[in-house]
Amino acid sequence: MFGSVVMGMGTVGAVRIRDILAPLPSSTAEKLSVKGFISRRILEEHQGVKQITFEDALSRDDIKVAFVCSENSAHEENVRMFLEAGKHVCIEYPMAMTHRTAVDLSNLAQEKGVVLHEEHIELLTAEYKQLKKDIAGKKLEEGFLHFTGGPLKPGFGFPSFSGIARLTWLVEMFGELRVTAASMVEDQEKMYTKMTAQLMTKDNKCLTWIEERGPGLPRAKNINFHFDSCTITQLPPAPREPVGLFMQDLVLFSQKLMGQVPRDQLHAERWRVLHCLELADRIQQLSEQSQGLTQDA
Ligand code: NAD
């Protein structure tokens, strides 16, 4: 059994505890147990699980695994401390707020011989799986992905990091990308942000990614993928799957803990995670430069 601790009792932290307490029957997720949770608030108990201190979690031998579900700006420090203590880590995306940090953390996990898994539930949704099937074998000519949603709480970082799920879709569908331009419009008083990134595939096909957030904006993804043979403007309808997204992720993580995930799959995942964070870094740099230019003008 892998004794675990869950850190950060927000929406996802509570889901993690729920899923570890009631794992998918006959799956590797049954190998996890929850020994406690960590929160900055005094909560004492959550779903029958006891609150413990960070120090306790780091030093206890019966805790082998940490789920880091805190806000994005705290990921680096929390993940590093658990890895240094020799614990396996499941980190909710994004792993870190810079590419350099993610590379360091990934190397540290390798040195320590532990699993560092970045959760990406957006790749597990039924509609995404269907979209991936629908585009198989088609040649992209041009693509557009526009995400809208409400404002984020502080601590979730620059939109290319907080929105890494959308970038991960693009990289999973179209492979290695490069950033050709990026800009950001922000109105702090109105809690409004709009980031626009221009990306290019290896075949020099253009992709536009927009992350737009503000009060009242519906949570939605608008797509327009133009292929040699057709254009896709809507996510395909797909029946809801019986196993929840975080549970699917828990099964994948526990398979990694059990050494059941093939090496080439692990390498491909590591490449994808680091490539996305490298792109996110570049988008942030170019956007900040463009904001600087606007302010100077
Ligand atoms: P959240 O805002 O619900 O919680 C984030 C953190 O804030 C937690 O550490 C929580 O303990 C802390 N927190 C919340 N309320 C607090 C309070 N009143 N006082 C002190 N601390 C408080 O965020 P979340 O949706 O659970 O996201 C956590 C992580 O999971 C993020 O890295 C996010 O990117 C990632 N993620 C979230 C989802 C999702 O569907 N929510 C999906 C995939 C990944």
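All values reported here derive from a predicted model rather than from experimental measurement. (Residues numbered from 1 in each chain as written. Predicted model: local features only at pLDDT ≥ 70, side-chain atom pairs only at ≥ 80, totals over all residues.)

**Quick notes on the overall build of the protein chain**
Consideration 1: Counting its secondary structure elements, the protein chain contains nine helices and 13 strands.
Consideration 2: A compact globule built from 297 residues should have a C-alpha radius of gyration of about 19 Å, and the protein chain, at 20 Å, falls within 12% of that.
Consideration 3: Dimensions of the protein chain, computed from the C-alpha atoms along their principal axes, are close to 55 × 45 × 40 Å.
Consideration 4: Looking at the 297 residues of the protein chain, the share that counts as buried comes to 34%. (Helix = DSSP H or I, 4+ residues; strand = E, 2+ residues; numbered from the N terminus. Rg over C-alpha atoms; globule rule 2.2 N^0.38 Å. Buried ≥ 20, exposed ≤ 12 C-beta atoms within 10 Å, placed from the backbone.)

**Some remarks on the domain arrangement of the protein chain**
One widely used convention gives an interface's size as the accessible area the parts lose upon coming together.
Consideration 1: Assigned domains within the protein chain: domain 1 (2–120 + 244–261) and domain 2 (123–242 + 276–296).
Consideration 2: Taken over C-alpha atoms, the centre of domain 1 sits 27 Å from the centre of domain 2.
Consideration 3: Contacts between the two partners involve 15 residues from domain 1, matched on the other side by 14 residues from domain 2.
Consideration 4: Residue assignment for the side of domain 1 that touches domain 2 shows that the elements contributing at least two residues are helix 4 (99–112) and helix 8 (245–257). (Domains from an automatic or database assignment. Contact = placed C-beta atoms within 7 Å.)

**Considering the UniProt feature "domain: Biliverdin reductase catalytic" (unreviewed entry) in the protein chain**
Consideration 1: With numbering aligned to this structure, UniProt lists the feature "domain: Biliverdin reductase catalytic" (unreviewed entry) at residues 128–239.
Consideration 2: As a span, residues 128–239 carries 21% helix and 44% strand, and end to end its C-alpha atoms are 11 Å apart. (UniProt positions renumbered as here; feature names shortened; annotations may be inferred.)

**Focus on the environment of Arg 40**
Consideration 1: Position of Arg 40 relative to the elements: it lies in the loop between strand 2 (32–38) and strand 3 (45–46).
Consideration 2: Arg 40 gets classed as exposed once you count the C-beta atoms within 10 Å, which come to 11.
Consideration 3: Residues Arg 40 and Leu 152 lie 112 residues apart in sequence; the distance between their C-alpha atoms is 20 Å.

**Details of the UniProt feature "coiled-coil region" (unreviewed entry) in the protein chain**
Consideration 1: Per the UniProt entry, the sites bearing "coiled-coil region" (unreviewed entry) are residues 114–141 in this numbering.
Consideration 2: In the segment residues 114–141, helix accounts for 36% and strand for 21%; the C-alpha atoms at its two ends are 41 Å apart.

**Let's talk about the site of the ligand**
Consideration 1: Not every one of the 17 residues close to the ligand is listed here, only the nearest: Gly 8, Gly 10, Val 12, Ser 70 and Glu 92.
Consideration 2: The element best represented in the shell around the ligand is helix 1 (residues 11–21), accounting for three residues.
Consideration 3: The residue makeup of the shell around the ligand, split by class, is five nonpolar, seven polar and five charged. (Near = placed C-beta within 6 Å. Nonpolar A, V, L, I, M, F, W, Y, C, P; charged D, E, K, R; others polar.)

**Topic: the sheet that holds strand 5 (residues 65–68)**
Consideration 1: With parallel pairing, five strands are arranged side by side in an open sheet as 2-1-5-6-7. Here the strands that pair on one side only, and so sit at the sheet edges, are strand 2 and strand 7 (116–119). Going from strand to strand, the sheet's axes swing by 20° on average, the running direction of each strand aside.
Consideration 2: Relative to strand 6 (residues 88–92), strand 5 runs parallel, the two sharing four bridges. Each bridged residue has a counterpart across the sheet, and for Phe 67 the counterpart in strand 6 is Cys 90.
Consideration 3: In this fold helix 1 packs onto strand 1 (2–7), strand 2, strand 5 and strand 6, with an angle of close to 150° to the strand it touches most, strand 2.
Consideration 4: Strands in contact with helix 3 (residues 75–84) are strand 1, strand 5, strand 6 and strand 7; relative to strand 6, the strand with the most contacts, it is inclined by about 165°. (Pairing = 2+ DSSP bridges. Axes fitted to C-alpha atoms, helices over the stretch in contact; angles between N-to-C directions.)

**Describing the packing of helix 1 against helix 8**
Consideration 1: At a minimum axis distance of 10 Å, the contact between helix 1 and helix 8 shows a crossing angle of 65°. Crossing angle aside, the handedness with which helix 1 passes helix 8 is right-handed. From helix 1, Val 15, Arg 16 and Asp 19 reach across to helix 8, where they touch Phe 246, Met 247 and Leu 250.
Consideration 2: Looking at the contact of helix 1 with helix 8 residue by residue, the classes come out as four nonpolar, no polar and two charged. (Left-handed = near helix turned anticlockwise from the far one by under 90°.)

**Let's talk about the sheet that holds strand 13 (residues 231–232)**
Consideration 1: Ordered by their spatial adjacency, six strands build an open sheet running 9-10-11-8-12-13, and the pairing between neighbours is mixed. Each edge of the open sheet carries a strand with a single partner, namely strand 9 (177–187) and strand 13.
Consideration 2: Pairing of strand 8 (residues 140–149) with strand 11 (residues 206–213) involves eight bridges; the strand directions are parallel. When the bridges of strand 11 are listed, Phe 144 appears paired with Thr 208.

**Quick notes on the pairing of strand 10 (residues 192–201)**
Consideration 1: Across 10 bridges, strand 9 lies against strand 10 in antiparallel orientation. If you follow Leu 177 over to strand 10, its bridge partner there is Thr 201.
Consideration 2: Relative to strand 11, strand 10 runs antiparallel, the two being bridged by eight bridges. In the strand pairing of strand 11, Gln 198 is matched with Thr 208.

**Quick notes on helix 4**
Consideration 1: Between its first and last C-alpha, helix 4 extends 20 Å over 14 residues, near the 20 Å set by a 1.5 Å rise per residue.
Consideration 2: One or two steps after helix 4, the chain reaches Gly 113, where phi turns positive at roughly 70°. (Expected span 1.5 Å × (residues − 1).)

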